[in-house]
Amino acid sequence: MTEVNFDGLPGPTHNYSGLATGNLASEKNAQLAANPRAAALQGIAKMRALADRGYAQAVLPPHERPHLPSLRALGFAGSDHDIVASAARDTPLLLAACASASAMWTANAATVSPSADTHDNRVHFTPANLVSHFHRSIEAPVTTRVLRAIFADANHFIIHDPLPAAPQFGDEGAANHMRFGGAQAGVEFFVYGRHAFGDTGGQPARFAARQTLGAQQAIARRHGLAPSRTLFAQQNPQAIDAGVFHNDVIGVGAGHVLFCHASAYVDQEAVLERLRASVPGLETIVVDARDVSVDDAVATYLFNSQLLVRPDGRMLLVAPAECRENPRTAAYLDRLVARDGPIAEVVTFDLRQSMRNGGGPACLRLRVALTAAERASVCARVFADAALCDALEGWVARHYRDRLLPRDLGDPSLLDESRRALDELSTLLAIGSVYDFQR
Ligand code: SUG
């Protein structure tokens, strides 16, 4: 079984509209000028570098934005250009919500259970309903379609429908899910912010918890996970209030390593004990507030890193460049690799365009562990080797703008440019007609 990282490509409408509550970067950077071309090239550079090092890398396409079917469903009528113009005039924030490139954060695309863990030995996907925010909720139907186009072989894969779109089942996908272990049945670890029904005890005061336990229990049932190998833990509500809107902002786990902050979970000691009891050989690296505060973790996205196994069995941490610029996280990383622990190496990437909207290296990828046969059954051209990275860079150069302000979203030519780009991309990736405008 090989872990394939499916990175989301930032789309041509990448911009800063401040749409995400509880996400401090998105709130702070609202109205800045964005550079969609740089955003996409930064993402491709990360894919290329990791593919060059031998990691299995793949890509998921951007969604059609502005999303005309959503605007029509909300009462706008006329030609596509008329709709964009009237939405820009009357409800610019609604247009921004329908134009967000947020599908780039594919850690929120779905929860994925590898075939080794599921009752029928197929890979199970539940696309996230993302009901906490309107601009994200409109991703779910297209994500479902894209996953069904790529993982089309029903002998190997099942793509469930997203969970019912109600607050009780708020689901933000793999950003709140980790899997420990190797090629044999592993342990799946779900982190929720609140219960589906009834009171959970501690709740954040400032921001809403996005993920529910009820959603995750439903996913575990659908995916046929063994209860003895499935763990649930509650996110620390104070961390949510400090800007940890997804668990992957405060912890990352893979294989036999968990790297997290000391303030990640409610009853953290008991949670770690349960994990250690379930995952033989688990190594936990818990960062104390004296070394890195939660505020520094949120500002730098230290924990929104990828943990990748190196050929020597030790781990590579793929972190955002911001971690090297903050003196405390930089010093911490130096100490981390100097000691003889499971993390041997840190590489950082400039992903600033995505980071300004609260998305680091881990947000930008969906982990899908595949056997050789499962991988061979994927016909789409989504595996990112140097040739595909070259092709994607050329495609970005042809279609993307290098400056976009929220007010530019009302420009009808942006819609045309974006559709031309995605039409070409769906051919390049051989994923068929997944977009509404192609149907
Ligand atoms: O849902 N930002 C996203 C960032 C998601 C990051 N993903 C993970 N942590 N896995 C969010 O808050 C901002 C979009 C805007 O403001 O235009 C946004 O949706």
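As shown above, the structure is provided for reference.
Residues numbered from 1 in each chain as written. Predicted model: local features only at pLDDT ≥ 70, side-chain atom pairs only at ≥ 80, totals over all residues. Heavy atoms only, no water.

A. Up close: the overall build of the chain. When you go through the chain residue by residue, the secondary structure sums to 17 helices and 15 strands. Taken against the 2.2 N^0.38 rule, which gives 22 Å for 439 residues, the C-alpha radius of gyration of the chain at 20 Å falls within 12% of a compact globule. The principal-axis extent of the C-alpha atoms belonging to the chain is close to 60 × 45 × 45 Å. Burial status across the chain gives 61% buried among its 439 residues. Of the roughly 15700 Å² of accessible surface on the chain, a fraction of 52% belongs to carbon and sulfur atoms. Placing the 41 positive and 46 negative side-chain charges of the chain at their respective mean positions leaves the two points 1 Å apart. (Helix = DSSP H or I, 4+ residues; strand = E, 2+ residues; numbered from the N terminus. Rg over C-alpha atoms; globule rule 2.2 N^0.38 Å. Buried < 20%, exposed > 50% of the residue type's maximum accessible area, 1.4 Å probe, protein only. Areas by Shrake-Rupley, 256 points an atom, 1.4 Å probe, with all protein chains shown as cover. Lys, Arg positive; Asp, Glu negative; His and termini not counted. Charge placed at Lys NZ, Arg CZ, Asp CG, Glu CD.)

B. Local environment of the site of the ligand. Taken together, 22 residues are adjacent to the ligand, and Leu19, Asn23, His135, Asp248 and Cys363 come closest. A total of 490 Å² of accessible area belongs to the ligand in isolation, and the protein chains cover 100% of it. (Near = heavy atom within 4 Å.)

C. The arrangement of unusual backbone geometry in detail. In this chain, arginine 65 is followed by proline 66 through a cis amide linkage whose omega measures -10 degrees. Mapped onto the elements of the fold, proline 66 is located in the loop between β2 (57-60) and α3 (68-73). Of note, the phi angle at asparagine 121 is positive, near 55 degrees, even though the residue is not glycine. Looking at where asparagine 121 falls in the secondary structure, it is placed in the loop between β3 (110-113) and β4 (123-127). A relative accessible area of 51% places asparagine 121 in the exposed class. Not every positive phi belongs to a glycine, and aspartate 267 is a case in point at roughly 55 degrees. Its location among the elements puts aspartate 267 in the loop between β10 (257-261) and α10 (268-278). Among the residues examined, aspartate 267 registers a relative accessible area of 59% and is labelled exposed.

D. Local environment of the side chain of asparagine 108. Of note, asparagine 108 is situated in the loop between α5 (92-99) and β3. Looking at asparagine 108, the relative accessible area reads 2%, which means it is buried. In terms of polar contacts, asparagine 108 uses its side chain to reach the side chain of arginine 136, at 2.8 Å. At 3.4 Å, the side chain of asparagine 108 and the side chain of histidine 246 are in polar contact. (Polar contact = N/O pair within 3.5 Å; in protein donor to acceptor, adjacent residues only side chain to side chain.)

E. Molecular detail of the nonpolar core. If you look at the biggest cluster of nonpolar residues, it comprises 44 residues, and the most contacted ones within it are Phe6, Phe125, Ile150, Phe151, Leu366 and Val382. For this core, the element with the most residues is helix α16 (residues 386-399), which contributes 5 residues. In this structure, isoleucine 150 is in contact with Phe6, Leu60, Val378, Ala380, Val382 and Ile431, ignoring residues within four places of it in sequence. Counting residues in each nonpolar core, the second largest holds 38 residues, with Ala264, Val271, Leu275 and Leu364 among its members. (Core = buried A, V, L, I, M, F, W, Y, C linked by side-chain atoms within 4.5 Å. Contact = heavy atoms within 4.5 Å.)

F. Seen up close, the state of the cysteines. Applying the stated criterion across every chain, the model contains 0 disulfides. For the unlinked cysteine cysteine 323, the closest cysteine sulfur is that of cysteine 363, found at 12 Å. Under the relative-accessibility criterion, cysteine 323 is labelled buried at 0%. (Disulfide = S-S within 2.5 Å.)

G. Highlighting the packing of aromatic side chains. Per the stated rule, a full pass over the model turns up 13 aromatic pairs. Judged by centre distance (5.6 Å) and plane angle (70 degrees), the rings of phenylalanine 189 and tyrosine 265 are edge-to-face. With phenylalanine 189 in strand β7 (residues 187-192) and tyrosine 265 in the loop between β10 and α10, the pair connects residues that are 76 residues apart, well separated along the chain. The burial state of phenylalanine 189 is the same as that of tyrosine 265; both residues are buried. An angle of 45 degrees between the planes, with centres 4.8 Å apart, marks the rings of phenylalanine 259 and phenylalanine 303 as tilted. Residue phenylalanine 259 is found in strand β10, and its partner phenylalanine 303 is found in the loop between α11 (294-300) and β12 (306-309); the two are separated by 44 residues along the sequence. Judged by relative accessible area, which is 0%, phenylalanine 259 ranks as buried. The buried category is assigned to phenylalanine 303, whose relative accessible area is 0%. (Phe/Tyr/Trp six-rings, centres within 6.5 Å; stacked < 30°, edge-to-face > 60°.)

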